[in-house]
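# Examination of the molecular architecture
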Amino acid sequence: MGLSKIIDENRRSADQLGWDPSWFGVEDWGTALVKAITAFQRAFEIKPDGWCDETTFRRILSERDEVETPKRPEVLSDHFIFAGERIPVPGAKIITMDEDGALPIRLQGERRRRYNAVERPPESVTAIIVHWDATSSAAVTRRVLEAKDISSNFCIDWDGVIYQYVDAACETYHAGIGIVNDVAIGIDLNCEVGGGEKTKEINRRLVDKGRLPRPIVDGVRINGWRPKPFLGLYGEQVAALTALVSAITKHTGVPLERPASTGDANDIRSLRRARDFGPGIYHHAEVDWKREIKGKFRRSGKWDTSNLDLDAVVRRAA
Ligand SMILES: [Zn+2]
């Protein structure tokens, strides 16, 4: 992309997502901004193209630490909502869309009609797609998704509290691919991820806030690429995911199966083709097959949720 195109794209992105050059420490929209965004991207080990797209916006919004989590109710629910009905999730802490402290996502744009509005019968829901959100909280993620007019059904916050963004009977727009969104429930896991020089810096900040540091994940392979050390999930989040997966699979047509598993939790590969996608539970990266070009996976492909042993989650959810 040429410089003038990048500058145009940054203006468009700023209009849609709600940021301005001062977020990157500069005053105008020209070369200085592109340079500042590029430096910011390099620090996070994300593609340094000078364009503040959604991926970069998630990071800068989290760095600014301005989006507050609504006050939590004293007693949290232990059910989620499917077609308006309460489905029990024993042991979980959940805030559904209509409760005090909720974080509902309601699409406004052209996706409104197809997504978040049409209720699917339970048996037509046959997949769960697990994402990480690459932000500092479920509240930040909701802000990013709404700004992009996309959605997910759940987000498991850093402390294991499950926010239900959208009724689980409704399709949400999270996988980027229609045939996946049609049949899947999307679950985001909150994680700053870090990457590159930001990994340790973010952990220091978490400790300053009185939180435990996140585990540092190393030695993962994702479609042949070995990322630098990055931040992993807290145990509470994995426990909450296990409880939620167990409850969802009992109520819907999602089988407790891992069709894309390589058997090695540190080696995640995408399905080769759309026709390989069937009922089961997936990392987002496993259904990102459209990123494969001439037999090679592009470095920019999705890599969530490559720190998570999803096979173990499925075994424990049984
Ligand atoms: Zn994802």
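Residues numbered from 1 in each chain as written. Predicted model: local features only at pLDDT ≥ 70, side-chain atom pairs only at ≥ 80, totals over all residues.

### Topic: the sheet that holds strand E3 (residues 94–95)
- Taken in spatial order, the six strands line up as E3-E6-E5-E7-E4-E12 in an open sheet, and their pairing is mixed. Looking at strand neighbours, the two that pair on one side only are E3 and strand E12 (280–283), the edges of this open sheet.
- Taken together, the two bridges between E3 and strand E6 (residues 162–164) define a ladder with parallel strand orientation. Within the sheet, the bridge partner assigned to Ile 95 lies in E6 and is Tyr 163. (Pairing = 2+ DSSP bridges. Helix = DSSP H or I, 4+ residues; strand = E, 2+ residues; numbered from the N terminus.)

### A short note on the domain arrangement of the protein
- Segmenting the protein into domains produces domain 1 (3–64) and domain 2 (79–194 + 219–317).
- At the interface, eleven residues of domain 1 touch eleven residues of domain 2.
- Of all the secondary structure elements, the ones that give two or more residues to the side of domain 1 that touches domain 2 are helix H1 (3–17) and helix H3 (54–64).
- For the side of domain 1 that touches domain 2, the leading source of residues is H3, giving six residues.
- Looking at the side of domain 1 that touches domain 2 residue by residue, the class counts come to three nonpolar, three polar and five charged. (Domains from an automatic or database assignment. Contact = placed C-beta atoms within 7 Å. Nonpolar A, V, L, I, M, F, W, Y, C, P; charged D, E, K, R; others polar.)

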